[in-house]
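Here are the chains, one letter per residue:
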Amino acid sequence: MPKLSPQQLKSKYDKNNSHKDNWRSIYEDAYRYSLPMRNLHDGYYDGDVPGQDKMSRVFDSTAIDSTQKFANRLQSGLFPPAARWCRLIPGSEIPEERKIETQQILDSYADRMFDIMRQSNFDQAMGEFLLELAIGTAVMLIQPGDEVTPIRYTAVPTFLITFEEGPFGSVDKVYRRMKRPYGVLDQEFPDIKIPQDMKQKYTNREGEMVELIEGTYYDKNTGRYHYQIIDRGGQNELVYRDLKSFPWVIARYMKAANERYGRGPVLTALPDIKTLNRVLELTLKNASLTIAGVYTAVDTGVINPNSINLVPGAIIPVNSNGGPRGADLQPLPRSGDPQLSQIITNDLRMNIKKILLDESLPPDNMSARTALEVAERMKQLSQNLGSAYGRLINETMYPVVKRTLEVMDALGIIQLPLKVNGLQVKIQPVGEIAMASNMTKVNQIMQYIQIASSLGPTGQMTFKIEEVADFIADAMAVPAAIRTTFEERQQMQQVMAEQAQALAQQQMQQGMMNETQQQTATNDQ
């Protein structure tokens, strides 16, 4: 797509935003009951009123708590804070004899990358990103920063984003609406060009919000990306940049073939969440009637139905409370079974927690867990994620790492001559979930070696010790700095061969000397 004019960019945004309105109702319900603190629907964003009560219609916090635990478990399993969660490894185009040497260089690049991430706000942004992913769609913007924060990671609320898919379902066009104080525009965007009429409009009003539209889209003719910021009316272009790589990371938990936006586990559990919320609301209303009560009082006049109000403490005038006319004041019989509602709420809570993976092997409040138990816990989480695990790797981990390395290369922090394309350089997850799977493979290899070794020399000839050691080191993500290269191994083998030859010669000479001494002793006798 060639560069758009401000009017064309606004038209693109409006068109795609209209398409997103089809998802508005279901996303509104999901945010209302599971992520109310990040809810920008229901007029919370457009109202410009901070500190609003976003939980006035929430009567149960099970979905809120389980959604946060879902995001925490994903982050600890895939992107653990302050830890290395992936590794750059040589691809198939790198010769075997050069792989360990190449691995040492790639490990140094990975060390720098994670140093940058720890210095930045990546862990915070990823936590917010995964919370949005629980709904179905998550968005992150990765941009160059300053000397203190070389790279900035921003988890952008899905409410502000609309996008288009390109070839093969990949996202290559993203549009965002945003509000920024006028006084910080030149600080956040040093290359901004503010028109004269806007300067006059916001004179002495630097704290007032300015509505902007941001667009990032791919140009197939140049192979690069256009980045533009225009005013809300689509009259002026304020910022334009020509980008080498796509700064957005768009992840969908799972999606249908004819849909752009994702559907997460919260949408799967949404019927149970809404039912549980409604049951508790009715239960609380019934409890208030139980505490305060509703009464009937004898009235000699005719009952006016419009005057009957079933609220706690209400008194309803009636003609008779029994015969003859009954008590002057009598409680109104109440309906509802508290025990049945308790059973229903327990079942609904269990269903919600199960869908949001809020369950453990044994309870977490038990004694310290063993390494095997932790591995089984991560293995179970990987199995429960299913196909979503692969989508998380492809739509989140790979784009984050590639964009980070490209920004570091552009800033001169590293010089990466190889391409991260799976052939020259590959990205290998090494978080707890991935390592649990790798350890299963390692255990299988070790079991085979034990069985083969028990078969004697013939069995020991069926595997290569050096290749087995390399396989286990790669599976366990052992740093290449503590491993020997192909040349070092050849040198060590040559030294060992020379030592063995020298030892054999020494033994031969010693044997000849012993034989000479024996012959001399025999002749003397």
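Every chain's residues receive numbers from 1 upward, in the order its sequence appears when written. This being a predicted model, a pLDDT of at least 70 is required before a residue's local features are given, and a value of 80 or more before pairs of side-chain atoms are given or counted; all residues contribute to the totals for chains, interfaces and linings. The side-chain quantities take in all heavy atoms of the structure and omit both hydrogens and water.

Q: What exactly am I supposed to notice about the overall build of the protein here?
A: Secondary structure summary: the protein contains 15 helices and 13 strands in total. Working definition: with a 1.4 Å probe on protein chains only, accessible area under 20% of the residue-type maximum means buried, over 50% means exposed, and in between means partly exposed. For the protein, with 525 residues in total, the buried portion stands at 42%. Areas reported here follow the Shrake-Rupley algorithm with a probe of radius 1.4 Å; residue values treat only the protein chains shown as occluding. Working note: accessible area of the protein is about 28900 Å², and carbon and sulfur atoms make up 53% of it. Only runs of H or I of at least four residues qualify as helices and only runs of E of at least two qualify as strands under DSSP, and these elements are numbered from the N terminus.

Q: What should I look at first to understand helix 12 (residues 432-453) in this one?
A: Each residue after the first adds 1.5 Å to the expected span of a helix. Given a rise of 1.5 Å per residue, 22 residues ought to cover 32 Å, and the 31 Å separating the end C-alpha atoms of helix 12 matches this to within 8%. For helix 12, the complete set of buried residues consists of Ile433, Ala434, Met435, Ala436, Asn438, Val442, Ile449 and Ala452.

Q: I would appreciate a short explanation of the packing of helix 3 (residues 62-78) against helix 5 (residues 122-135) in the present structure.
A: Packed helices, taken two at a time, are described by the angle between their axes plus the distance between the axes. All axes here are fitted lines through C-alpha atoms, helices being fitted over the stretch that makes contact, and every angle between N-to-C directions spans 0 to 180 degrees. Where helix 3 contacts helix 5, the axes come no closer than 9 Å and their chain directions differ by 125 degrees. Looking at the two axes, helix 3 sits oblique to helix 5. Remark: the crossing between helix 3 and helix 5 carries right-handed chirality. Packed against helix 3, whose contacting residues are Thr67, Gln68, Phe70, Ala71, Leu74 and Gln75, the element helix 5 presents Asp123, Met126, Gly127, Leu130, Leu131 and Ala134 at the interface. As a working rule, the residues Ala, Val, Leu, Ile, Met, Phe, Trp, Tyr, Cys and Pro are called nonpolar, Asp, Glu, Lys and Arg charged, and the rest polar, with Gly in that last group. A per-class count over the contact of helix 3 with helix 5 returns seven nonpolar, four polar and one charged. What sets the label is the angle itself: under 35 degrees gives roughly parallel, over 145 gives roughly antiparallel, 65 to 115 gives roughly perpendicular, and the rest give oblique. Note: crossing handedness is left-handed where the near helix turns anticlockwise from the far helix by less than a right angle, and right-handed where it turns clockwise. Two residues qualify as a contact provided that any one of their heavy atoms is within 4.5 Å of a heavy atom in the partner residue.

Q: What is the right way to look at the side chain of Asp29 in this model?
A: Among the secondary structure elements, Asp29 is positioned in helix 2 (residues 24-34). Look at Asp29 and you get buried, because its relative accessible area is 17%. Sequence-distant contacts of Asp29, defined by excluding residues within four places in its chain, comprise Leu270 and Lys274.

Q: What is the right way to read the packing of aromatic side chains from this model?
A: How two aromatic rings sit relative to each other is set out by the distance from centre to centre and by the angle between their planes. Centres within 6.5 Å are what make two rings of Phe, Tyr or Trp a pair, Trp counting through its six-membered ring; a difference in plane orientation under 30 degrees is then read as stacked, over 60 as edge-to-face, and the rest as tilted. Following the criterion strictly, the structure yields 12 aromatic pairs and no others. Judged by centre distance (5.0 Å) and plane angle (75 degrees), the rings of Phe79 and Trp85 are edge-to-face. Taken individually, Phe79 and Trp85 each receive the classification buried, so the pair is uniform in this respect. Taken together, a centroid distance of 5.1 Å and an interplanar angle of 55 degrees make the contact between Tyr218 and Tyr225 tilted. A relative accessible area of 27% places Tyr218 in the partly exposed class. You can call Tyr225 buried: its relative accessible area is 15%. The structure contains a cluster of three or more aromatic residues connected by ring pairs, namely Phe79, Trp85, Phe114, Phe122 and Tyr153. Counting as a charge over the ring demands two things of the Lys NZ or Arg CZ atom: a distance within 6 Å of the ring centre and an angle within 35 degrees of the ring normal. Between Lys3 and the ring centre of Tyr240, over which it is positioned, the NZ or CZ distance is 4.1 Å.

Q: What's the story with the pairing of strand 6 (residues 209-219) in this structure? I'm lost.
A: Within a regular strand, side chains alternate between the sheet's two faces. Across the 11 residues that make up strand 6, a large majority, eight, are buried. Being paired, for any two strands, means DSSP has found at least two bridges between them. As judged from the nine bridges shared by strand 5 (residues 171-181) and strand 6, these two strands associate in the antiparallel manner. Each residue of the ladder has a partner; that of Arg180, found in strand 6, is Val210. With eight bridges connecting them, strand 6 and strand 7 (residues 224-231) associate as antiparallel partners. Note on strand 7: the bridge partner recorded for Thr216 is Tyr227. Counting the residues in the hairpin turn of strand 6 and strand 7 gives four residues, including Gly223, whose phi is positive at 75 degrees.

Q: Hey, could you run me through the pairing of strand 5 in this one?
A: Most of strand 5 is tucked away, with 10 of its 11 residues classed as buried. Across five bridges, the pairing between strand 4 (residues 161-165) and strand 5 is antiparallel. Within the sheet, the bridge partner assigned to Phe163 lies in strand 5 and is Val174. Hairpin geometry of strand 4 and strand 5 is characterised by an intervening segment of five residues between the two adjacent antiparallel strands and by a positive phi of about 60 degrees at Phe168.

Q: Quick question: what am I supposed to make of the pattern of salt bridges here?
A: Opposite charge on two side chains lets them pair, provided their charged atoms get close. One side-chain nitrogen of Lys or Arg within 4 Å of one carboxyl oxygen of Asp or Glu is enough to make a salt bridge. If you walk through the whole model with that rule in mind, you get 30 salt bridges. Residue Lys255 is joined to Glu165 by a salt bridge in which the shortest nitrogen-to-oxygen separation is 3.2 Å. In this pair, Lys255 is assigned in the loop between strand 9 (248-252) and helix 8 (265-292) and Glu165 in strand 4, connecting sequence segments 90 residues apart. Residue Glu165 is classed as partly exposed on the basis of its relative accessible area, which comes to 25%.

Q: Looking at this structure, I do not really get the sheet that holds strand 9. What am I missing?
A: Hydrogen bonds between backbone groups are what pair the strands of a sheet, and the pairing can be parallel or antiparallel. Here three strands make up an open sheet; going across it, the order is 3-2-9 and the pairing antiparallel. Looking at which strands have only one partner, the edges of the open sheet turn out to be strand 3 (151-156) and strand 9. Each strand axis lies, on average, 20 degrees off the axis of its neighbour in the sheet, ignoring direction. Here strand 2 (residues 137-144) pairs with strand 9 via five bridges, running antiparallel.

Q: Is there a simple way to think about empty space enclosed by the protein in this case?
A: Think of a ball as big as a water molecule: rolled over the atoms, this probe shows where empty space is left. Buriedness of a pocket was judged along seven lines, with at least five required to meet protein on both sides within 12 Å; pockets are open sets of points on a 1 Å grid over the protein atoms alone, cavities are sets where a 1.4 Å probe fits but cannot get out, and lining residues have an atom within 4 Å of a point. Grid points are joined across faces, edges and corners, and a volume is the space filled by probe spheres set on the points. All told, the structure shown has three cavities of 30 Å³ or more when counted by the stated rule. Lining the largest cavity are Tyr33, Asp60, Thr62, Ala63, Ile273, Leu276, Asn277 and Ile352. With three residues, helix 8 is the largest single contributor of residues to the lining of the largest cavity. Class assignment for the residues of the lining of the largest cavity results in five nonpolar, two polar and one charged.

Q: Even after reading the chapter, I still don't get the sheet that holds strand 7, so can you show me in this structure?
A: As summarised here, the arrangement of the five strands in space is 4-5-6-7-8, forming an open sheet in which the pairing is antiparallel. Either end of the sheet is taken by a strand with one partner, and the two such strands are strand 4 and strand 8 (237-243). Neighbour-to-neighbour, the strand axes of the sheet open up by a mean angle of 15 degrees, direction not taken into account. One ladder, built from six bridges, connects strand 7 with strand 8; its direction is antiparallel. Bridging across to strand 8, Gln228 finds its partner in Tyr240.

Q: Can you walk me through the nonpolar core in this structure?
A: Grouped burial of nonpolar side chains is what soluble globular proteins tend to show. Counting 102 residues, the largest nonpolar core has Trp85, Leu88, Phe129, Met140, Trp248, Val401 and Leu405 as the members making the most contacts within it. It is helix 11 (residues 387-410) that provides the largest number of residues to this core, a total of 10 residues. Beyond its immediate sequence surroundings of up to four residues, Phe129 is in contact with Ala138, Val139, Met140, Ala155, Val249, Ala251 and Thr396. As used here, the term nonpolar core means buried Ala, Val, Leu, Ile, Met, Phe, Trp, Tyr and Cys residues forming a set that is joined through side-chain atoms within 4.5 Å.

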